[in-house]
Amino acid sequence: MEHSDHKHKEHESHQKGKHGMKGHDHSMHHMHMIQDFKKRFWISLVITLPIVVLAPMIQGLLSYEFRFEGDRYLQFALSSVVFFYGGWPFLKGMVEELKKKKPGMMTLIALAISVAYFYSSAVVFGLSGKIFFWELVSLIDIMLLGHWIEMKSVMGASNALQELAKMMPSEARRIKENGESEDVPIAELKSGDTILVRPGEKIPADGEILEGSSHVNESMLTGESKPVAKQKDDEVIGGSVNDNGALKIKVKHTGEESYLSKVIGLVTEAQKTKSNTQNLADKAAGWLFYIALAAGIITLVVWLSLGKDFNYALERMVTVMIISCPHALGLAVPLVVAISTSVSAKHGLLIRNRTAFENSRNLTTIIFDKTGTLTKGEFGVTRFKSVAEGMEDKDLLAIAAALENSSEHPIAAGIVRKSKELELKLGKPENFQNITGMGIKANLDGKEISILSPGGLKQKEIEQPEGAFKTEDETVVFVLSDEKLIGYIALADEIRDESQEAINTLKKHGIKILMATGDNEIVAKAVSETLGLDGYYSEVLPEDKQKIIKDLQAKGEFVAMTGDGVNDAPALAQADVGIAVGSGTDVAAETADIILVNSNPIDIANLILFGTATYKKMMQNIWWAAGYNIVAVPLAAGVLAGAGIILSPAIGAALMSLSTVIVAFNAQLLKRQIKS
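Residues numbered from 1 in each chain as written. Predicted model: local features only at pLDDT ≥ 70, side-chain atom pairs only at ≥ 80, totals over all residues. Heavy atoms only, no water.

The name an unreviewed UniProt entry gives the protein is Cu2+-exporting ATPase, with Algoriphagus yeomjeoni as the organism. According to the UniProt record, the Sequence similarities (unreviewed entry) comment for the protein reads "Belongs to the cation transport ATPase (P-type) (TC 3.A.3) family. Type IB subfamily." (UniProt positions renumbered as here; feature names shortened; annotations may be inferred.)

A.B. asks: With reference to specific residues and values, describe the overall build of the protein.
C.D. replies: Looking only at helices and strands, the protein has 23 helices and 22 strands in total. Expressed as a percentage of its 676 residues, the buried residues of the protein come to 52%. A sequence separation of at least 24 residues applies to 67% of the contacts in the protein between residues at least 6 apart. On the protein, roughly 31,300 Å² of surface is accessible, and the fraction owed to carbon and sulfur atoms is 55%. (Helix = DSSP H or I, 4+ residues; strand = E, 2+ residues; numbered from the N terminus. Buried < 20%, exposed > 50% of the residue type's maximum accessible area, 1.4 Å probe, protein only. Contact = heavy atoms within 4.5 Å. Areas by Shrake-Rupley, 256 points an atom, 1.4 Å probe, with all protein chains shown as cover.)

A.B. asks: Which residues make up the packing of aromatic side chains, and what values go with them?
C.D. replies: Within this structure, the stated rule accounts for 17 aromatic pairs. Of the aromatic side chains, those joined through ring pairs into one cluster are Tyr73, Phe76, Phe83, Phe84, Tyr117, Phe118 and Phe125. Of note, Arg40 hangs over the ring of Tyr85, and the distance from its end group to the ring centre comes to 4.9 Å. Across from the ring centre of Tyr312, 5.0 Å away, lies the NZ or CZ of Lys308, which sits over that ring. (Phe/Tyr/Trp six-rings, centres within 6.5 Å; stacked < 30°, edge-to-face > 60°. Lys NZ or Arg CZ within 6 Å of the ring centre and 35° of its normal.)

A.B. asks: Let's hear about the side chain of Arg174: which residues, and what values?
C.D. replies: For Arg174, the location among the structural elements is in strand β1 (residues 171-175). Among residues more than four places away in sequence, those in contact with Arg174 are Glu180, Ser181, Glu182, Val184, Glu188, Leu189, Asp193, Thr194 and Ile195.

A.B. asks: Help me get a handle on the nonpolar core, residues and values and all.
C.D. replies: In terms of nonpolar packing, the biggest core is built from 52 residues, with Ile51, Ile113, Phe133, Leu136, Val318 and Leu329 touching the most fellow members. Broken down by secondary-structure element, the contributors of at least two residues to this core are α2 (21-54), α3 (56-62), α4 (71-86), α5 (88-99), α6 (105-124), α7 (133-166), α10 (276-305) and α11 (310-323). Take this core: its biggest share by element is 14 residues, from α6. Not counting the four nearest positions on each side in its chain, Phe133 is found in contact with Ile51, Gln75, Phe76, Ser79, Tyr117, Ser120, Ser121 and Val124. Residues Val333, Val343, Val581 and Met618 belong to the second largest nonpolar core, which totals 46 residues. (Core = buried A, V, L, I, M, F, W, Y, C linked by side-chain atoms within 4.5 Å.)

Rendered as structure tokens:
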């Protein structure tokens with residue numbers, strides 16, 4: 001799996017251009033193409049109806065007769081419109097594919113419709129044989145529909161988000177330095193501005209609450225169905241709806257830096273790449289082109305060598321070449337992509353890399369991050385103790401809470417929450433820093449304060465104080481002042497109710513479950529044993545997680561990694577399938593293949609099983625579509641003519657229609673493959 005600088009730069013340049021002229025032009029061009037295919041499909045379908053009614057083959061199948069003078073010329077005229085208007089994208093596509101010397105779906109379609117059109121036209125004007133106008137127009141209709149569905153599906157997720165972006169308020173109520181408010185266009189908002197959002201209004205930008213409390217409806221952005229309680233210091237997302245209280249908000253991200261823009265960018269990036277299965281369908285079409293060409297020429301030569309007249313041999317050749325282009329192949333992958341995109345979006349999935357999504361069928365091992373994924377991530381302080389002479393326990397908590405106020409980690413939230421309960425006065429730290437995988441540090445009242453994990457303490461070769469760990473379900477952090485231990489704080493984090501079900505589901509499908517956490521050995525072991533995991537790694541740093549994955553891959557394991565998408569970036573990039581979990585800005589993790597809006601482990605299990613089901617449906621459809629050819633082409637060529645079995649165009653058309661119906665029905669069954 002590659003996450004190259006080139007791709008990252010390409011994504012950045014896309015982000016920069018998205019709201020500019022180039023981004024606008026690209027989006028408009030794509031919308032124009034979708035509308036173009038839609039228009040061509042409906043116009044071609046309307047013109048198809050009289051052609052089908054006049055088709056001798058349909059009349060023979062349905063036992064009715066409807067003929068009049070010049071009816072064949074009318075069929076020719078109508079079919080010419082469908083061929084040149086409806087078939088134009090495929091004829092144009094064929095030229096582009098042949099220029100690249102890579103015949104694919106467009107070349108296969110163009111070959112079939114061209115043979116059908118020019119042969120049938122020749123029959124109308126005197127050549128002895130059958131006309132294939134209704135096969136021609138029905139093939140064009142089906143292929144236009146397939147391409148329209150495919151283009152709609154890949155645009156679907158971002159279109160929903162683009163529509164949401166349009167629904168953003170056009171103005172914001174900015175508070176000036178003198179306390180007065182002014183209405184300004186949201187394009188004029190800058191990071192650091194203070195805005196007022198009244199009940200019922202949309203929040204115009206990402207920010208942090210300075211004053212007030214309310215419930216905020218984020219369902220359109222994060223998939224969280226219930227309004228989320230928000231108070232001072234909580235973050236809010238632009239585009240969400242303020243429910244019942246007035247909020248003063250400090251603007252953090254606007255425009256391209258906003259959560260919404262990043263998500264739109266991620267989805268758009270995913271749409272630029274085809275999955276391996278889509279490429280497989282294109283390759284299958286390329287092979288079928290050569291098979292159609294070869295089978296047609298061989299059929300003509302063999303029948304002529306057997307003494308049949310040219311008109312009969314030519315009709316057989318044309319039948320073979322038309323039948324060699326299965327309608328179903330044009331719908332095989334697009335229908336599954338459309339349905340999986342729609343179902344995924346409803347379940348809070350953002351798929352950046354469709355190939356990785358489908359590759360989830362190969363998973364042998366999945367590594368879970370613990371905090372906030374297997375556990376609730378809502379830490380409550382259970383104990384805190386000062387070990388420094390002359391320092392009270394409450395003073396230790398106040399020092400820790402002052403630093404943790406600047407952190408977004410669940411442990412930080414628990415410590416700050418406890419300090420508020422005890423109404424402690426907090427100082428203002430300076431030079432706040434995250435120590436990757438170990439903790440945080442800052443200057444407070446002239447001293448360098450650090451809050452470290454057990455691993456961080458061990459790295460500094462400081463001994464843990466006696467009694468720091470009492471119960472197995474506690475997480476303990478250590479507070480240092482100028483590199484000297486001054487105390488510890490113990491917190492507990494509950495295991496999610498859904499975790500056990502998710503683990504059981506994955507194990508049932510033969511996937512090994514491991515956990516990697518920065519937490520201590522005792523806590524890691526307790527969680528592992530409670531959930532029945534296959535193993536765990538404790539006190540690990542982000543680079544350790546990456547090494548763990550490398551080691552597993554070296555042993556032949558196909559590994560998925562779940563993480564928050566920021567600290568776990570190296571591991572997510574290393575994994576065969578990287579899954580970023582959690583809402584908020586973490587959802588925009590650049591290194592993940594798949595992003596889950598919520599942190600529910602059930603979603604991870606469903607995602608992996610749904611990716612497997614999606615791949616199976618694509619492969620089933622490709623085999624149904626191509627398998628039709630395995631039977632139909634030899635029979636159309638007349639391989640069993642000696643036994644009196646030869647495939648007529650009517651039977652060929654019936655088989656073609658049946659194959660298409662089976663593919664469409666099979667794709668619909670995918671909707672049942674994911675749990676709510």
